[in-house]
Amino acid sequence: MHSDLKYGKMNLMIQEKARIVEHQQIAPNYYKLTLLSHYISSNTLPGQFIEIRVCDFTVCPLLRRPFSIHGTNKDKKTIEILYEVVGLGTEVLTKHQIGQELDILGPLGNGFTIKKKGKIAILVSGGMGVAPLKALAEHIKAPARYVFMGCKKMDQVVCEKDFSKLGFEVQVATENGSAGKKGLVTDILNGFIDSAQPSELNEINIYACGPKAMLKAVSEIAQQKKLNCQISMEAYMACGIGACKGCAVKTTKGMKMVCKDGPVFPAQEIIWPI
Ligand SMILES: Cc1cc2nc3c(=O)[nH]c(=O)nc-3n(C[C@H](O)[C@H](O)[C@H](O)COP(=O)(O)OP(=O)(O)OC[C@H]3O[C@@H](n4cnc5c(N)ncnc54)[C@H](O)[C@@H]3O)c2cc1C
Ligand code: FES
């Protein structure tokens, strides 16, 4: 009998001022931020996230911005965030220097449940969806491990080496064909599933994070082939703790809050379109 590793609300959320110990641009528009946080570095589960107040001044966005926990280092007491600059909040975040402090809230949400049954783990990312999947990859012990990464273009392909070091086979799809296979990440997923033996299909667990359209497509593939699949949903968030109801999604179990009940959901529970 297998008992899955159910990751979820096993830890308390805290608010703290976290010192920046590293902050670097790793690709055009992509940054890695390392924060000192004694508590969160030891009490985070894959798929959880933090909310960062990017600025205290009124010219800046007042609402905190959610970011997945990309990595933790218990010895150094640090957590890592990988982020893309998409608007004012993330632009302001890039200006913060090593030594400064950021007001953070976390760890938040329910993370991934790592399935012990099943010999094949497939991580599917779209764009910045790779951020929580690296943290998840560190916990996956399935004998066959794959990461299928979808990006618009080559310079958005990040973390390949991290996954390879963890024993994952990495396959990349870019929309313009500048790296890997030209097309969508779901083309790679479909190709893999089509070439799998019927007996192997029962062994597959999919863990996905990315834009909604990608998650919907991955969920449909999983449903058609009856594959186990969890998806980390994206949503606009305000409070991050289930109070404002701003991040509600329709599920087969009623309305759920992405921040509190998710961000990770079993794929078959989400009612599309959102
Ligand atoms: C649980 C969770 C985890 C996340 N983890 C990461 C992460 O690890 N790295 C990362 O780069 N981003 C992550 N995001 C998205 C990130 O929170 C947003 O990109 C960020 O809040 C944008 O802030 P902004 O002020 O720069 O952009 P805004 O000025 O608020 O918006 C700029 C553009 O981005 C779009 N946008 C903003 N927020 C979202 C959102 N939540 N979902 C979809 N589109 C959005 C807007 O529609 C707009 O087009 C996560 C979101 C959630 C809900
Ligand atoms: S962000 Fe307020 S309920 Fe989810």
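As a further point, take the pairing of strand S4 (residues 49-53). Every regular strand shows the same layout, with side chains that alternate between the two sheet faces. Counting buried residues along S4, four of its five residues qualify, which places the element largely inside the surrounding structure. Two elements, S4 and strand S5 (residues 65-68), share four bridges in a ladder whose sense is antiparallel. Looking across to S5, one finds that Glu51 is bridged to Pro66. Inspection of the sheet shows S4 paired to strand S8 (residues 101-108) by four bridges, in the antiparallel sense. What sits directly across from Arg53, in S8, is Asp103.

Spatial strand order, S5-S4-S8-S2-S3-S7-S6: seven strands in an open sheet with antiparallel pairing. For this open sheet the edge positions go to S5 and strand S6 (71-73), each flanked by a neighbour on one side alone. On average, each strand axis in the sheet is inclined to that of its neighbour by 35 degrees, with strand direction left out of account. Packing against the sheet, helix H3 (residues 130-137) makes contact with S5, S6 and strand S7 (78-84), and its axis sits at approximately 150 degrees to S7.

Bringing the site of ligand 1 into the picture now. In the vicinity of ligand 1, 19 residues are found, and the nearest of them are Arg65, Pro66, Gly89, Thr90 and Tyr236. One nitrogen or oxygen atom from the main chain of Ser68 is found 3.0 Å from a nitrogen atom belonging to ligand 1. Contacts to ligand 1 include Ala235, whose backbone N or O atom sits 2.8 Å from a nitrogen atom. Protein contacts shield 74% of the accessible area of ligand 1, which totals 880 Å² for the unbound molecule. Among the elements of the structure, S5, S7 and helix H2 (88-94) are those that each provide at least two residues to the shell around ligand 1.

Okay, the sheet that holds strand S15 (residues 228-232) next. What the seven strands build is an open sheet, ordered S13-S12-S11-S10-S14-S15-S18; its pairing is mixed. The sheet terminates laterally at strand S13 (181-182) and strand S18 (264-266), the two strands that pair on one side only. Relative to strand S11 (residues 144-151), strand S10 (residues 120-126) is paired through seven bridges, and the arrangement is parallel. Residue pairing in the sheet places Val124 in a bridge with Phe148 of S11. Docked against the sheet, H3 engages S10, S11 and strand S14 (204-209), running at close to 155 degrees with respect to S10.

It is worth spelling out the nonpolar core at this point. Counting residues in each nonpolar core, the largest one holds 35 residues, and the members touching the most others are Ile122, Val124, Leu189, Ile206, Ile231 and Met233. Elements that contribute at least two residues to this core include exactly S10, S11, helix H5 (185-195), S14, helix H7 (212-225) and S15. If near-sequence neighbours (up to four positions away) are discounted, Val124 is found in contact with Leu133, Phe148, Val185, Leu189, Ile206, Tyr207, Ala208, Cys209, Met214 and Val218. Leu82, Met128, Ala131 and Val172 belong to the second-largest nonpolar core, a separate cluster that totals 28 residues.

In terms of domain boundaries, the protein breaks down into domain 1 (10-108) and domain 2 (117-226). Domain 1 and domain 2 are separated by 25 Å when their C-alpha centres are compared. The interface of domain 1 with domain 2 comprises 14 residues on the first partner and 13 residues on the second. Counting the surface lost from both domain 1 and domain 2, the interface buries some 1,200 Å², and carbon and sulfur atoms represent 66% of this.

Turning our eyes to something else, we now look at H7. Taking 1.5 Å of rise per residue, the 14 residues of H7 would be expected to cover 20 Å, and the 20 Å separating its terminal C-alpha atoms lies within 8% of that figure. The set of residues buried in H7 consists of Met214, Leu215, Val218, Ser219, Ile221 and Ala222. Burial along H7 is one-sided: seen end-on, the buried residues are contained in an arc of 160 degrees. Structural note: H7 exposes Ala213 and Gln224 on the side pointing more than 90 degrees away from its buried face. Buried residues belonging to H7 abut S10, H5, S14 and S15. Downstream of H7 by a residue or two, Lys226 has a phi angle that is positive, lying close to 60 degrees.

The rules behind each value
- Residues numbered from 1 in each chain as written.
- Chains lettered and ligands numbered in written order.
- Predicted model: local features only at pLDDT ≥ 70, side-chain atom pairs only at ≥ 80, totals over all residues.
- Heavy atoms only, no water.
- Buried < 20%, exposed > 50% of the residue type's maximum accessible area, 1.4 Å probe, protein only.
- Helix = DSSP H or I, 4+ residues; strand = E, 2+ residues; numbered from the N terminus.
- Pairing = 2+ DSSP bridges.
- Axes fitted to C-alpha atoms, helices over the stretch in contact; angles between N-to-C directions.
- Contact = heavy atoms within 4.5 Å.
- Near = heavy atom within 4 Å.
- Polar contact = N/O pair within 3.5 Å; in protein donor to acceptor, adjacent residues only side chain to side chain.
- Areas by Shrake-Rupley, 256 points an atom, 1.4 Å probe, with all protein chains shown as cover.
- Core = buried A, V, L, I, M, F, W, Y, C linked by side-chain atoms within 4.5 Å.
- Domains from an automatic or database assignment.
- Buried area = accessible area lost by both parts, 1.4 Å probe.
- Expected span 1.5 Å × (residues − 1).
- Arc of directions from axis to C-beta.

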